[in-house]
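Listed below are the residues making up each chain.
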Amino acid sequence: MESTAYINDTLYPIVKGETILSFVRRHLGKDFVPTLCDAPNLDPFGSCRVCSVDVALVAKGPSKAQASCHTPVIPNSYIYTHSDRIVKLRKNIVELVLTDHPLDCLTCEVNNNCELQAVAAKVGVRDVRYPEGKNHLDRKKDLSHPYMTSDLSKCINCFRCVRACDEVQGEFVLSMAGRGFDSHIIKSNNNSFFDSDCVSCGACAQACPTSAISDVFESKSIVAAKKVRTVCTYCGVGCNLDVAVVNDKVKSIQAPYDAVVNEGHTCLKGRFAFSFYNHPDRIRTPMIRRNGELEPATWDEAYGYIAEKLTAIKAKHGPDSIAGISSARCTNEENYLMQKFIRAVIGTNNIDCCARVCHSPTALGMQRAFGTGAATNSVEDIKYTDCIMIIGANPTDAHPVTGARLKQFAMKGKTSIVIDPRRTEMARYATYHLQLKPGTNVALLNMMLYFIITEKAEAKEFIENRTEGYAQFCEQILKLDLNEMEKITGVDKTLVKEAALAYAKAPNAMSFHGLGVTEHTQGSFTVMLISDLAMITGNIGRRGVGVNPLRGQNNVQGAADMGCQPHQGAGYMSSYDPEINKHYEDFYKTRMPLGKGLKIPEMFDASIEGKLKALWLMGEDVVQTDPNTNKVIAAMENLDLLVLQEIFMTETAKYADVILPGATFLEKSGTYTNAERRIQRVQKVVEPLAGTKSDGEIMVDIMNKMGYAQPAYQPDTMLEEISQIVPFFAGVKWDELGDNGKQWPVKKDGSDTEILHLKEFQRGKGKFHYFDYIESAETKKNGKEYPYIITTNRELEHYNSGTMTRRTGNVDILTEDVLMMNPADAKKNLINDGDMVCVESPRGKVDIKAKITDEVKPGILSTTFHFPEVMLNLITSEEHDTEAMCPEYKVVAVTIRKSKGQYKNPAVTPSNVGK
């Protein structure tokens, strides 16, 4: 029988477990009962008591005032929300708060958008009867930080900022000091914002009901002419953003509470690092290289030049002498057009994208194991799992919002396993940290699988009913020499056993992996072994389980979905199958190529060999981000034509023959597909800067210029075309995506899919694979002369090459790349913290500032490549994943010494340093 209770003597049904406040809001609206300490993404707290209501057990009977935010509804109780004494109580509470609050509303940045102001008006405060407080009003403003500000004279001690820092971000920077009237907010050890441990996520500012904590963009003011909901351009989490616009300029960004992906949270990049969009360095006109110099040109001149050159090269050398590299930074529609241009207009399968250098092993490995290369579950499933395993990923830096959720999980003492050469933030909270030697993932995962089998912890029924190849796999695993594997990985086999059994015996276990899995010579094999772990334990096809890649860039998933790889067209259908090729030809109404296409590393080889004559890059800075910089430069210099769509003058732009100025994510519309297969609308916030065009518009223009009739770029019509050729986009319509998008596959009726492989794998039965550990050729060939291993990573404040974030306030927070090294290695090489270190590999050398830390083991080094002053990829190798050709950024053999002086990088010129 349904439980009920009364609100103001009217009967309403109760949802089990709900509080009085949620009960009242559900039936009578969000603002029916005023609150000050309550926030949508925070747990009930009850510090302000403004939400108090009278609760009686009989109608009009004796009642008790209770804080509605954290008090459960009692069935058959009578709740009175506006009794005389409750009205007086609320007014009295707010009056007391106002005695310690400056009454400068008209000049306050949150005037008319202040919750205290609104509540005061709602409870009927017209004047304050109590004397003014003395302790708080003289507190000084904190303006030390590039983004965060505070004026704690306006603090009402609601604890919302403290709780946001604790419950949402999990950073514990803010706390309440003092007692009684002297209670006040402090940052870390009473530091300024800048000197505190703040990670600049802005959760506290968004939670604050006044302007006590805010940001330099005044994101809580209401002067915005409009707010536009769009999707973040940085990592693969796909956070929703509410962008405020004034005079056709972005004023500020907040995170919508109703966003499924980020639930009112985002990191400093998503919330604050947007000022690059109209930075003075933006390229604002097409350029053509004449007599060795890039000169401004009109769009018609640029298109004419490109079309003439491509036509001549195609006529002389054939279509396979031309190639294109698309971008995971661009929308699905733009990536789709890029691959269509290369295939249908140029006539070659030489198309690839930056997924090649990050998650191509994920796509290939999961396709071989499950039949599809995408995340099996949703981030939402963290709420339903009992165990998380994070392999080769540092989500609190690289995927901060998902990382915050994972950290909250681990901090609650739930079972968490981290497999990583570095002692990352997640590793510090983990139940088990398996700190393996870089490049030994296969050996360690084989150990885990061995223990699951020998301890009879496998899911026999799942294996029998839903998989194949298990017997042969099992036979190979049981031949392993565990002592040898222990020696190879550097991880105690007892610890591996404990972690393996914890994962296997958890009712539900989820795995998350990143580039520390894929960017190895055995990357694809590692992905298949992770898939083996999920299948052998039955952790597929329900809530709270699965294999979930943490995609590096905002639209890595989408770029691959759209066919930006040589062997698969739009929708992952083979580019080399004559029958499928006929299907593409019928759809595109032109002849389509059947020949084998080039992957990115093969494109560079072909250029150096003189076989590749022209290359079109859409938003890719290959000179700074791809491995072995000198080789990449040689490839760029040997081309007859290099076309680049870009927003800034990057390292690659120095070698371009034509540059076409593109638009940022704030200046275009389309869709991104995040790491959980969620297709979300990117909506134009402001008009493109004068002289620039969206990448989709550029692709349409050049297709038409070269004789292919492609309709004008519109996101809705482009999605309609895509839905007709990509099977899992069949029901995707622009107008039906709503605020939170849909997860593919989307059926024709518009229904989407949260969890894959519920009853059957895409390939029918999941397939087990076994692989022996093979040492990387990089260390095998060079280990004696170059005894250290350097592995690359990403820092929270920046993003890959840092082209965008270096043009924001983020550069004031993290100013340079540093080299992490263990104290033992530093002592051995007479290196002190802050010294410049010369790091040399067989390919070159760079100078990086030392950071002495126990985050890495002796013999292991780690750094980033955010800044062109270092150009770290001068030393990285040509080794690639054997199957997908993803570069091995994570194992680079080097030697180190204290630098004799700053090494002058030949790849860096004064014009681009610090840009």
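Predicted model only: the values in this text are computed from it and were never measured. (Residues numbered from 1 in each chain as written. Predicted model: local features only at pLDDT ≥ 70, side-chain atom pairs only at ≥ 80, totals over all residues. Heavy atoms only, no water.)

Caption draft 1: Examining a nonpolar patch on the surface more closely. A contiguous nonpolar surface patch, about 280 Å² in accessible area, is contributed by Leu57, Val58 and Ile74. Mapped onto the fold, Val58 is located in the loop between strand 3 (52-56) and strand 4 (63-67). For Val58, a relative accessible area of 46% translates into the label partly exposed. (Patch = residues over 30% accessible without salt bridge, like charges linked within 9 Å, V, L, I, M, F, W, Y side chains within 5 Å. Areas by Shrake-Rupley, 256 points an atom, 1.4 Å probe, with all protein chains shown as cover. Salt bridge = Lys/Arg side-chain N within 4 Å of Asp/Glu carboxyl O. Helix = DSSP H or I, 4+ residues; strand = E, 2+ residues; numbered from the N terminus. Buried < 20%, exposed > 50% of the residue type's maximum accessible area, 1.4 Å probe, protein only.)

Caption draft 2: Just the nonpolar core, in detail. Counting 61 residues, the largest nonpolar core has Ile417, Ile419, Met448, Phe473 and Ile536 as the members making the most contacts within it. Among the elements that line this core, the one with the most residues is helix 13 (residues 441-454), at 11 residues. The contacts of Phe473, once residues within four sequence positions are left out, are Leu449, Ile453, Asp532, Ile536, Phe768, His769 and Tyr770. (Core = buried A, V, L, I, M, F, W, Y, C linked by side-chain atoms within 4.5 Å. Contact = heavy atoms within 4.5 Å.)

Caption draft 3: How the structure looks around helix 8 (residues 332-346). Between its first and last C-alpha, helix 8 extends 20 Å over 15 residues, near the 21 Å set by a 1.5 Å rise per residue. The axis of helix 8 is deflected most strongly, by about 30 degrees, at Lys340. Within helix 8, 15 of the 15 residues are buried, which leaves it mostly tucked inside the rest of the structure. Directly beyond the C-terminal end of helix 8, a positive phi value near 95 degrees is found at Gly347. (Expected span 1.5 Å × (residues − 1). Bend = angle between axes of the 7 residues up to and from the residue.)

Caption draft 4: Quick look at the sheet that holds strand 13 (residues 287-290). Taking strand neighbours across the sheet as the criterion, the seven strands line up as 14-13-25-24-23-15-16 in an open arrangement whose pairing is mixed. Only two strands of the sheet have a single neighbouring strand rather than two, namely strand 14 (293-296) and strand 16 (351-353). Direction aside, neighbouring strands of the sheet carry axes that sit 20 degrees apart on average. Of the strand pairs in this sheet, strand 13 and strand 14 are connected by four bridges, and their pairing is antiparallel. Residue Arg289 lies in a different strand from strand 14, and its bridge partner there is Leu294. (Pairing = 2+ DSSP bridges. Axes fitted to C-alpha atoms, helices over the stretch in contact; angles between N-to-C directions.)

Caption draft 5: Highlighting the pairing of strand 24 (residues 641-646). Most of strand 24 sits out of view: six of its six residues are buried. Neither face of strand 24 is open: one carries Leu641, Val643 and Gln645, the other Leu642, Leu644 and Glu646, and all of them are buried. Here strand 23 (residues 614-618) pairs with strand 24 via five bridges, running parallel. Its bridge partner being in strand 24, Met618 is matched across the sheet by Gln645. Pairing of strand 24 with strand 25 (residues 658-661), which is carried by four bridges, proceeds in the parallel orientation. Residue pairing across strands places Glu646 opposite Pro661, the latter belonging to strand 25.

Caption draft 6: Spatial organisation of the sheet that holds strand 19 (residues 432-434). The five strands lie next to each other as 19-18-17-21-22, forming an open sheet whose pairing is parallel. The strands lining the two open edges of the sheet, one partner per strand, are strand 19 and strand 22 (546-549). Looking at each pair of strands side by side, their axes are set apart by 15 degrees on average, direction ignored. Direction of pairing for strand 18 (residues 415-419) relative to strand 19: parallel, over a ladder of three bridges. By the bridge assignment, Ile419 is partnered in strand 19 with Leu434. Contacts from helix 11 (residues 400-411) reach strand 17 (387-391), strand 18 and strand 21 (509-513) within the one sheet, and its direction differs from that of strand 17 by about 130 degrees. Contacts from helix 13 reach strand 17, strand 18 and strand 19, with the element oriented near 145 degrees to strand 18.

Caption draft 7: Molecular detail of the packing of helix 21 (residues 578-588) against helix 26 (residues 715-725). Where helix 21 contacts helix 26, the axes come no closer than 11 Å and their chain directions differ by 150 degrees. In terms of orientation, helix 21 lies roughly antiparallel with respect to helix 26. Of the two elements, helix 21 crosses helix 26, and the hand of that crossing is right-handed. Contacts between helix 21 and helix 26 pair His583, Tyr584, Phe587 and Tyr588 from the former with Glu721, Gln724 and Ile725 from the latter. Residue classes in the contact of helix 21 with helix 26 are distributed as four nonpolar, two polar and one charged. (Parallel < 35°, antiparallel > 145°, perpendicular 65-115°, else oblique. Left-handed = near helix turned anticlockwise from the far one by under 90°. Nonpolar A, V, L, I, M, F, W, Y, C, P; charged D, E, K, R; others polar.)

Caption draft 8: Geometry of the packing of helix 13 against helix 16 (residues 482-489). Interhelical geometry of helix 13 versus helix 16 gives an angle of 145 degrees and a closest axis separation of 9 Å. Viewed along their axes, helix 13 and helix 16 form a crossing whose handedness is left-handed. Together, Ala443, Leu444, Met447, Tyr450 and Phe451 of helix 13 and Leu482, Met485, Glu486, Ile488 and Thr489 of helix 16 make up the contact between the two elements. A per-class count over the contact of helix 13 with helix 16 returns eight nonpolar, one polar and one charged.

Caption draft 9: Fine view of the pairing of strand 27 (residues 678-682). Of all five residues that make up strand 27, five are buried, and the element is covered over most of its length. Here strand 27 shows a buried face lined by Arg678, Gln680 and Val682 and a second buried face lined by Ile679 and Arg681. In the sheet, strand 26 (residues 670-673) pairs with strand 27 via four bridges, with the strands oriented antiparallel. Residue pairing for strand 27: Thr671 is matched across the bridge by Arg681. Of the strand pairs in this sheet, strand 27 and strand 28 (residues 742-743) are connected by two bridges, and their pairing is antiparallel. Residue Ile679 lies in a different strand from strand 28, and its bridge partner there is Lys742.

Caption draft 10: Geometry of helix 26. Residues of helix 26 that are buried: Pro715, Met718, Leu719, Glu721, Ile722, Ser723 and Ile725. For helix 26, the elements touching its buried residues are helix 8, helix 21 and strand 26.

Distances and angles like these do not, on their own, reveal function.
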